[in-house]
Amino acid sequence: MHSEVDATRGSEKKSIYGNLTALAQAAATEHAITPTQAARTYWRAFAWCLFINMGALLWGYDSQVGGGLLSVSSFRRDFGSVIDQEYVLAASWQSAFNSISSVGGMGGAFSLGYISELFGRRGAVAIACLVSIVGILIQFLTPAHNNGMLLAGKLINGFSLGIFVSGAGSYCAEVSPLALRGITTASVNLWIDLGQFMSNGVIRGTGNRTDAYAYRLPFALQWIFPIILLVGLPFAPESPWWLVRKGRIDDARKVITRLGGPTIDANMQLQQIQDTIELEDSYAASARYIDCFRGVNLRRTIVATMVFVLQQGAGVVFVLGFSTYFFELAGFASTNAFNLGIGVTAIGIVGNLLTFYTVNHFGRRFIFFWGMLACTTVLLLIGFISISHSQNARWTVASFTIIYNFIYQTSIGPLGYVIFAEVSSAKLRSKTVALGIWVNSLSGMVVNIVVPYLVNPDEANLGGYVGFIFGGLAFAGTIWTWYFIPETKDRTVDELDVLFEQHISARQFAMHHLLRSNSPSN
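So, a few notes on the structure that sits alongside this text.

So, how was this worked out
- Residues numbered from 1 in each chain as written.
- Predicted model: local features only at pLDDT ≥ 70, side-chain atom pairs only at ≥ 80, totals over all residues.
- Heavy atoms only, no water.
- Helix = DSSP H or I, 4+ residues; strand = E, 2+ residues; numbered from the N terminus.
- Buried < 20%, exposed > 50% of the residue type's maximum accessible area, 1.4 Å probe, protein only.
- Contact = heavy atoms within 4.5 Å.
- Areas by Shrake-Rupley, 256 points an atom, 1.4 Å probe, with all protein chains shown as cover.
- Lys, Arg positive; Asp, Glu negative; His and termini not counted.
- Charge placed at Lys NZ, Arg CZ, Asp CG, Glu CD.
- Phe/Tyr/Trp six-rings, centres within 6.5 Å; stacked < 30°, edge-to-face > 60°.
- Lys NZ or Arg CZ within 6 Å of the ring centre and 35° of its normal.
- Salt bridge = Lys/Arg side-chain N within 4 Å of Asp/Glu carboxyl O.
- Core = buried A, V, L, I, M, F, W, Y, C linked by side-chain atoms within 4.5 Å.

## Brief notes about the overall build of the protein chain
Helix and strand counts for the protein chain stand at 23 helices and four strands. Overall, the protein chain is about 85 × 50 × 40 Å in size when its C-alpha atoms are taken along their principal axes. The buried share of the protein chain, reckoned over its 522 residues, is 57%. Counting only contacts in the protein chain whose residues sit at least 6 apart along the sequence, the fraction spanning at least 24 positions is 80%. Carbon and sulfur atoms form 63% of the exposed surface of the protein chain, whose accessible area is close to 20600 Å². Across the protein chain, the 34 positively charged side chains and the 31 negatively charged ones have centroids separated by 2 Å.

Given below as structure tokens:
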């Protein structure tokens, strides 16, 4: 099926779609560039995206360090109480300690929509760095048994984490050329995995200490990354999209030239940004949070948020969060089980790196759908195998946690960050991605609270049977993916705008042709 999209005729008459002839020329140029060519030409853009994504490492580090510290004896001594001659942390406080960063992350993500519009993408990252430094300082200085102060530090740091992750997605989508957009946005998840890996290694190295530095050092090491970001931010290029919206056209042109080098057509790319902004302004004059839920933007917002709901529904907390538990059931000693948990995280990093190739070769929708289906299969297998209580069954379940992690980290894990950054309009991107991370934090917090009650022996004690619950949720999510997640691969921002405005089915996004002509529309 073909649809005709009309462009301007001279300067006398403009269609509602803006100057689509210029946009078509720019789109054709972007489509002609392969990822390898783009990496050579736009290596500066690629490098700066990786640099800005460093903030996501802290999100992964913080999410993992909480659970790791709960197993450190000196941490239980300084923040727990003595029960039956053992130091025990109250279950309610453990839940608060594990979820308080998510609460802060929700606030930080929501604030990004305002902060990044006022101070730019770089400015938002700088503010997050300062907030993070303060939050880490509070955690580091917290005296023994001052549990409230420790929670306050994690809450403040969580606020910065929400900005880091939301801002990384926005920055990559606006700075990267089309051929690299999937790779740079997927690298957000890679940095999260690296943070989790680093956290596990740090806990492994300091957890045997008997003094307060067994837990203070893991807190203090987080300072490295906001400081590195603050040092490099003055040299980082601002988003040209933000600069154009602020009327700083010459600055935008300089940034485009700097990102791509002297061989690119900076004027054409600048015109593409201006025309796309004009196109989106013709659809809606304002760019408020409420606009994310109006007209076609509602569909875009639902997709951007649902990818994270689907991640949680696919059981990532259940399988990966309890991987050490499954290794212990398989007969490994606690120390060896923890080491295997670190190995599982390392496998996830390898999976993320593979995504750098697959995201452009197979597409977003294809990988996300088959990833959901594969995770559904593994979850149901874990449930069925857990019916048997033999040692071989426990070994098999432990093996499936490794398989699941590889599947997750090559599909729905990184692809969630690609889709939510690409599916939003340029005008509402900072707010749409903020809503995505807000939902990510909320759903993650809920699942982190619920899953221990399902798995723990002193509660529901379902163990591996929880695989049936998440397997059912993942199956429903697989069906939702098929009907509602569109293919954004090889689509420029203005092409996605037109596809959404024309209410094209998600299943038809990849096949739908946009014919651009020079004849005006009446």
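## As for the packing of aromatic side chains
Summed over all chains, the structure comprises 25 aromatic pairs. Their ring planes at 65 degrees and their centres at 5.1 Å tell us that F500 and F509 sit as a pair that is edge-to-face. Its relative accessible area of 0% is what places F509 among the buried residues. In textbook terms, an aromatic cluster arises when at least three aromatic residues are bridged by ring pairs, as seen for F75, F79, W93, F97 and Y215. Sitting over the face of the ring of W482, R365 holds its NZ or CZ atom 4.8 Å from the ring centroid. Above the plane of the ring of Y114 lies K431, whose end atom (NZ or CZ) is 6.0 Å from the centre.

## Brief notes about the pattern of salt bridges
For the structure on display, the rule yields 18 salt bridges. Put simply, E117 and R121 hold a salt bridge, and the shortest N to O gap is 3.3 Å. With a gap of four residues between them, E117 and R121 both fall in helix α6 (residues 91-141), about one helical turn apart. Across the salt bridge formed by E174 and R121, the nearest N and O atoms sit 2.9 Å from each other. Taken together, the residues span a long stretch of sequence, with E174 in helix α7 (residues 147-175) and R121 in helix α6 at a distance of 53 residues. Note on E174: relative accessible area 3%, which makes it buried. Via salt bridges that share partners, E117, R121, E174 and R429 belong to a single interconnected network.

## What about the nonpolar core?
The biggest cluster of nonpolar side chains holds 115 residues, and the ones touching the most others in it are F318, F368, Y404 and F420. Per element, the largest residue contribution to this core is nine residues, and it comes from α7. Each residue touching Y404, except ones within four places of it in the same chain, is listed here: A314, G315, V316, V319, L320, C375, V378 and L379. Counting 19 residues, the second largest nonpolar core, distinct from the first, contains V72, F75, L89 and F97.

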